[in-house]
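Notes for the structure review
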Amino acid sequence: MELQIDDSVLVKDYINGNEKALEVLINRHNQRISSFIYSKVLDRDVSEDIFQDTFIKVIKTLKKGNYSEEGKFLPWVMRIAHNLVIDHFRRNKRMPMFEGNDDFNIFSVIGDDKLNVEKQLIKDQIDSDITLLIEELPDDQKEVLLMRIYRDMSFKEISENTGVSINTALGRMRYALINLRKIIEKHNIVLTN
């Protein structure tokens, strides 16, 4: 049985000059990152370009020493890929094409729903990012936040389900939101389009 070296060890090895460590990281996460990018852009060539750009950015950040190790290599790389996907959509505004003839119909242009698809893609990614951010919260705060936001439970119901006072549940919710803001600021995350 082969032992798998932690991502954090491989990152440190790469920073210390072991080029092979980056190759192991890329091979380990290639499928997941490539699939994620492809699921957003639905184009093999564009996916490959964004994948390469992602790892160019990873390499530059690691070489500059700007990566802070917290055992979260894959979410960090996924965030970079996500940002590059959004950059791709912003650069290539998907304007509907129409034939310039005498039968021009404005509805053939404004009826195109591709822009709505792009907005939905960005919204879905933001929801996914928020879910990843919530995972970084302490368990007691995460529990209250999930009950309140995703299950629409009252603080009285949360109190009864967790066996803590309403004030404790309120406090945990408050700290969850404060900590989420800190995580967002620390990672320079933009959650709007």
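To start, this report covers the structure provided alongside it.

Criteria and cut-off values
- Residues numbered from 1 in each chain as written.
- Predicted model: local features only at pLDDT ≥ 70, side-chain atom pairs only at ≥ 80, totals over all residues.
- Heavy atoms only, no water.
- Salt bridge = Lys/Arg side-chain N within 4 Å of Asp/Glu carboxyl O.
- Buried < 20%, exposed > 50% of the residue type's maximum accessible area, 1.4 Å probe, protein only.
- Helix = DSSP H or I, 4+ residues; strand = E, 2+ residues; numbered from the N terminus.
- Axes fitted to C-alpha atoms, helices over the stretch in contact; angles between N-to-C directions.
- Parallel < 35°, antiparallel > 145°, perpendicular 65-115°, else oblique.
- Left-handed = near helix turned anticlockwise from the far one by under 90°.
- Contact = heavy atoms within 4.5 Å.
- Nonpolar A, V, L, I, M, F, W, Y, C, P; charged D, E, K, R; others polar.
- Phe/Tyr/Trp six-rings, centres within 6.5 Å; stacked < 30°, edge-to-face > 60°.
- Lys NZ or Arg CZ within 6 Å of the ring centre and 35° of its normal.
- Expected span 1.5 Å × (residues − 1).
- Arc of directions from axis to C-beta.

Taken as a whole and judged by the stated rule, the model has 7 salt bridges. Notably, a salt bridge pairs Lys142 with Glu135, separated by 3.4 Å at the nearest N-O pair. We classify Lys142 as buried; its relative accessible area is 13%. The class of Glu135 is partly exposed, set by a relative accessible area of 47%. Between Glu160 and Lys156 there is a salt bridge, and its shortest N-O distance comes to 2.8 Å. Placement of the pair is Glu160 and Lys156 together in helix α8 (residues 155-162), with a separation of 4 residues, close to one helical turn. Residue Glu160 is classed as exposed on the basis of its relative accessible area, which comes to 55%. Salt bridges sharing partners connect three or more residues here, namely Glu135, Asp139 and Lys142.

Turning our eyes to something else, we now look at the packing of helix α1 (residues 7-15) against helix α3 (residues 44-64). The angle between the axes and the distance between the axes are what describe a pair of packed helices. Taken N-terminus to C-terminus, the directions of α1 and α3 make an angle of 70 degrees; their axes are 9 Å apart at the nearest point. As judged from the angle between their axes, α1 and α3 are roughly perpendicular. Between α1 and α3 lies a crossing of right-handed hand. Listed contacts from α3 to Val11, Tyr14 and Ile15 of α1 are Ile59, Leu62 and Lys63. Its residues placed into classes, the contact of α1 with α3 shows 5 nonpolar, no polar and 1 charged.

What follows is about the packing of aromatic side chains. For any two aromatic rings, the description comes down to two numbers: the centre-to-centre distance and the angle of the planes. Scanning all chains against the criterion turns up 4 aromatic pairs. Between Tyr67 and Trp76, the ring centres sit 4.3 Å apart and the planes meet at 45 degrees, which makes this aromatic pair tilted. Through a chain of ring-to-ring contacts, three or more aromatic side chains come together here, namely Tyr67, Phe73 and Trp76. Note that Arg174 overlies the ring of Tyr175, its terminal NZ or CZ placed 5.6 Å from the centroid.

With 21 residues, helix α9 (residues 166-186) should cover 30 Å at 1.5 Å per step; its first-to-last C-alpha distance of 30 Å lies within 8% of that length. Among the residues of α9, Ala169, Met173, Ala176, Leu180 and Ile183 are the ones counted as buried. The buried residues of α9 occupy an angular sector of 90 degrees when projected down its axis, which confines them to one face. Among the exposed residues of α9, those pointing more than 90 degrees away from its buried face are Asn167, Arg181, Lys182 and Glu185.

Treat this as a map of the structure, not an account of what it does.
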